[in-house]
Amino acid sequence: MAYRKYDTNFFERYAMLQLQTLLGHKFDNLVNLDRPDLQSADSHSLGIEVTRALDGKRKSAIKMLKDISGISSDADNSADIDIMRSSGYGYGLNEGEYIGGLELDYWMGARPMKDIIASKVGKVSSGFYGSFCQFGLFVFSNERLSLGNAYSAVRYILDIQKDIEVKYDRMYLSAVTDFYACNLEDNISEIDFRISHFEVDKQQRQSLFLSALDYKVSQSISANSYVEIV
């Protein structure tokens, strides 16, 4: 399979599928549009902006990663390597150890977590994303985020949007093997009740990856290791 042209749709589809898989039917009618990236089918109930965060040190490390096309497969990761080489993407596979050739461009455009949150809060409050009954912010991270990191992000966004009329009601943090669903509504007094943590296992990550890529695995690429997506 040849590389698709680089765009952000892979990650937007992955976000939509992850919300549906982990959080249920509320997200079944989402469509992939723009401003914001995910919207309820009625274009009014729910709007979710999808973005990514990466600190400077991690970006420097990623910049030096070997292009996946030059990595030889071995018995333990041959299926992951083959599919990343042919598609250009690899988020969620092999616990984030490798990055696909097309995916590198996506991460190199990322900003640190606080910077990207502040930017997106400014945009939603200005009306840039239109008018929805509820707004969500979905942030991908290519580095591990602990529960403490998630609490820090929640405290930060609550602080900077406390005096804003149009703001985010939910924030979702997707960090390869961990997912945090964060409730930002005003009527919650204890921060401990704001975050739900989900572990994302290897099988889930493979299924999400293949569905987002719309990739049908051929028998020549260890099809038995994956759920076939038709």
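Residues numbered from 1 in each chain as written. Predicted model: local features only at pLDDT ≥ 70, side-chain atom pairs only at ≥ 80, totals over all residues. Heavy atoms only, no water.

**Let's talk about the confidence of the model for the protein chain**
Detailed reading of the predicted model is not advised wherever pLDDT is low.
No. 1: Per-residue pLDDT for the protein chain has a mean of 83; in total, 83% of the residues score no lower than 70.
No. 2: Considering only residues more than four positions removed or in separate chains, one finds that residues 66–72, a stretch of pLDDT under 50, has 15 contacts.
No. 3: The low-confidence segment residues 215–230, where pLDDT is below 50, has 32 contacts with residues more than four positions distant or belonging to other chains. (pLDDT = per-residue confidence, 0-100. Contact = heavy atoms within 4.5 Å.)

**Regarding the pairing of strand 4 (residues 134–141)**
No. 1: With 8 of its 8 residues buried, strand 4 lies for the most part within the structure.
No. 2: Bridge analysis of strand 3 (residues 46–53) against strand 4 gives 8 bridges, and the strand direction is parallel. When the bridges of strand 4 are listed, Ile-48 appears paired with Gly-136.
No. 3: As paired strands, strand 4 and strand 5 (residues 170–175) are joined by 5 bridges and run parallel to one another. Bridge pairing in strand 5 links Phe-138 to Tyr-172.
No. 4: Considered for its hand, the β-α-β crossover made up of strand 4, helix 6 (residues 147–160) and strand 5 is right-handed. (Buried < 20%, exposed > 50% of the residue type's maximum accessible area, 1.4 Å probe, protein only. Helix = DSSP H or I, 4+ residues; strand = E, 2+ residues; numbered from the N terminus. Pairing = 2+ DSSP bridges. Right-handed = clockwise from strand over helix to strand, strands pointing away.)

**Description of the environment of Asn-29**
No. 1: Mapped onto the elements of the fold, Asn-29 is located in the loop between helix 1 (9–23) and strand 1 (30–32).
No. 2: With sequence-adjacent residues up to four places away left out, Asn-29 is seen in contact with Gln-39, Ser-40 and Ala-41.

**A short note on the sheet that holds strand 2 (residues 38–40)**
No. 1: Ordered by their spatial adjacency, 7 strands build an open sheet running 1-2-3-4-5-6-7, and the pairing between neighbours is mixed. This sheet does not close on itself; its edge strands, each paired only once, are strand 1 and strand 7 (195–199). Neighbour to neighbour, the strand axes of the sheet diverge by 20° on average, direction disregarded.
No. 2: One ladder, built from 6 bridges, connects strand 5 with strand 6 (residues 178–183); its direction is antiparallel. Residue pairing for strand 6: Ala-175 is matched across the bridge by Asp-178. (Axes fitted to C-alpha atoms, helices over the stretch in contact; angles between N-to-C directions.)

**Topic: helix 6**
No. 1: In this model, helix 6 (14 residues) spans 20 Å end to end at C-alpha, consistent with the 20 Å of a helix rising 1.5 Å per residue.
No. 2: Those residues of helix 6 lying buried are Ala-150, Tyr-151, Ala-153, Val-154 and Ile-157. Buried residues of helix 6 fall within an arc of 160° about the axis and therefore sit on the same side.
No. 3: Lining the buried residues of helix 6 we find helix 5 (113–125), strand 4, strand 5, strand 6 and strand 7. (Expected span 1.5 Å × (residues − 1). Arc of directions from axis to C-beta.)

**Comments concerning the packing of helix 1 against helix 7 (residues 202–213)**
No. 1: It is the contact of helix 1 with helix 7, at a shortest axis distance of 8 Å, that shows an interaxial angle of 135°. The angle between the axes of helix 1 and helix 7 places the two elements in the oblique class. Here helix 1 and helix 7 pass one another in a crossing that is right-handed. Packed against helix 1, whose contacting residues are Phe-10, Arg-13, Tyr-14, Leu-17, Gln-18, Thr-21 and Leu-22, the element helix 7 presents Gln-204, Arg-205, Leu-208, Phe-209, Ser-211, Ala-212 and Leu-213 at the interface.
No. 2: Broken down by class, the residue content of the contact of helix 1 with helix 7 amounts to 8 nonpolar, 4 polar and 2 charged. (Parallel < 35°, antiparallel > 145°, perpendicular 65-115°, else oblique. Left-handed = near helix turned anticlockwise from the far one by under 90°. Nonpolar A, V, L, I, M, F, W, Y, C, P; charged D, E, K, R; others polar.)

**Concerning the nonpolar core**
For soluble globular proteins, the rule of thumb is that nonpolar side chains tend to be buried together.
No. 1: In terms of nonpolar packing, the biggest core is built from 40 residues, with Phe-10, Leu-19, Ile-48, Trp-107, Phe-138, Phe-140 and Phe-209 touching the most fellow members.
No. 2: Among the secondary structure elements, those contributing two or more residues to this core are helix 1, strand 3, helix 3 (78–87), helix 4 (103–108), strand 4, strand 6 and helix 7.
No. 3: Sequence-distant contacts of Leu-19, that is, excluding residues within four places in its chain, are made with Gly-24, Phe-27, Leu-30, Leu-38, Ile-48, Phe-138, Tyr-172 and Phe-179.
No. 4: Core analysis: the second largest hydrophobic core is formed by 26 residues, Ala-53, Val-124, Tyr-129 and Val-154 among them. (Core = buried A, V, L, I, M, F, W, Y, C linked by side-chain atoms within 4.5 Å.)

**Quick word on the environment of Tyr-106**
No. 1: Checked against the element boundaries, Tyr-106 lands in helix 4.
No. 2: Classification of Tyr-106 by relative accessible area gives buried; the value is 2%.
No. 3: As a C-alpha pair, Tyr-106 and Thr-51 span 55 residues in sequence and 9.8 Å in three-dimensional space.

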